[in-house]
Amino acid sequence: MSAPIKLVAVSGSTSQPSRSAALLDALTAGLAAGQATEITQVSLAELAPLLPGVVSAKDAPPALAQAIAAIERADVLVVAAPVYRGSYPGLFKHLFDLIHHESLFNVPVLLAASGGSDRHALVIEHQLRPLFAFFQTLTLPLGVYATDADFADYRISNPALAERIELAVSRARPWPRFLCRFRFRPESECWHPCCLAC
C-alpha cells in the first residue's frame, strides 16, 4: 500500500479571512478527495509576525521552521496568493526565500491567485510561475484566478469559478502519483515510500 501524499497548502494572504484562502481551501479539498492525503496548511497570516529579521532558515523560530520543513518535504504544493501592487505580497516572497533551492525538484504545484479585477489575471503566468520555475518545480499548466466579485462573505459564490476549480483539480490529480517515479531529493534518490508501490 502506498504512503499518503503529503499535500501542503500555502496561503499567501496576510489577512484572515481572505478570498485567496477560500480559493486555496476549495482546491485543496478537491485535490485530496478520494485519495490518501496528508494535508498541511501553511498560513502567511499566522507566520507574518515571525518573518521580519529572519534572513536564513537556520535562524527561523520554531513555528516558522516547521512551516519551512513542511514545504520542503511536500509531495505536492497548492499555492494561492492575493495580488498586492501588481504582484504577490513581499512576505510571501520572503517565506520562499527561506526554502532550500534544491528541495522542490519536480514537485507538482497547483497555482492560484485572487485580485480586485480581471486586469491582474496574468499574475499566475508572470509572477507566480517564474518563482516556482526557479525551484525547478513542475507548475501545473492550469492555474485558477479569481476576482473579488467571485466571492460573497469570503465564500465562493460564482458557479463559473467553481467550474474552473473543478477543471483544475481534475487536471492536477494524476500528477503526484505519476511523479513518484521521477522525483528525487538532493540527499537521496529514494525520496518517498510510494516509489516502492508505483
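Residues numbered from 1 in each chain as written. Predicted model: local features only at pLDDT ≥ 70, side-chain atom pairs only at ≥ 80, totals over all residues. Heavy atoms only, no water.

Colleague: Would you explain the side chain of S103 in this entry?
Modeller: Along the polypeptide, S103 turns up in the loop between α4 (90–97) and β4 (108–115). At a separation of 2.8 Å, a polar atom in the side chain of S103 contacts the main-chain carbonyl oxygen of H100. (Helix = DSSP H or I, 4+ residues; strand = E, 2+ residues; numbered from the N terminus. Polar contact = N/O pair within 3.5 Å; in protein donor to acceptor, adjacent residues only side chain to side chain.)

Colleague: Could you clarify how one ought to interpret the packing of aromatic side chains in this entry?
Modeller: Note on aromatic pairs: each is described by the distance of the centres and the angle between the planes. As enumerated under the stated definition, the model contains 5 aromatic pairs in all. Between F92 and F96, the ring centres sit 5.1 Å apart and the planes meet at 50°, which makes this aromatic pair tilted. Of this pair, F92 and F96 both sit in helix α4, 4 residues apart, which is roughly one turn of the helix. Judged on exposure class, the residue F92 and its partner F96 are both buried. Judged by centre distance (5.1 Å) and plane angle (80°), the rings of F96 and F132 are edge-to-face. A residue pair is termed long-range when its members are at least 10 positions apart, and F96 in helix α4 and F132 in helix α5 (residues 123–134) qualify at 36 residues. Residue classification places F132 among the buried positions, given a relative accessible area of 0%. (Phe/Tyr/Trp six-rings, centres within 6.5 Å; stacked < 30°, edge-to-face > 60°. Buried < 20%, exposed > 50% of the residue type's maximum accessible area, 1.4 Å probe, protein only.)

Colleague: When you look at the pattern of salt bridges in this model, what are you seeing that I'm missing?
Modeller: Oppositely charged side chains are able to pair whenever their charged atoms sit close together. The final tally for this structure, using the stated rule, is 4 salt bridges. A salt bridge links R19 to D148; the shortest N-O distance between them is 3.7 Å. A residue pair is termed long-range when its members are at least 10 positions apart, and R19 in helix α1 (residues 19–32) and D148 in the loop between β6 (144–147) and β7 (151–152) qualify at 129 residues. On the basis of relative accessible area, D148 is assigned to the partly exposed category, the value being 33%. R129 serves as the salt-bridge partner of E125, at 2.8 Å between the closest nitrogen and oxygen. Of this pair, E125 and R129 are both found in helix α5, 4 residues apart, which corresponds to roughly one turn of the helix. With a relative accessible area of 15%, R129 lands in the buried category. (Salt bridge = Lys/Arg side-chain N within 4 Å of Asp/Glu carboxyl O.)

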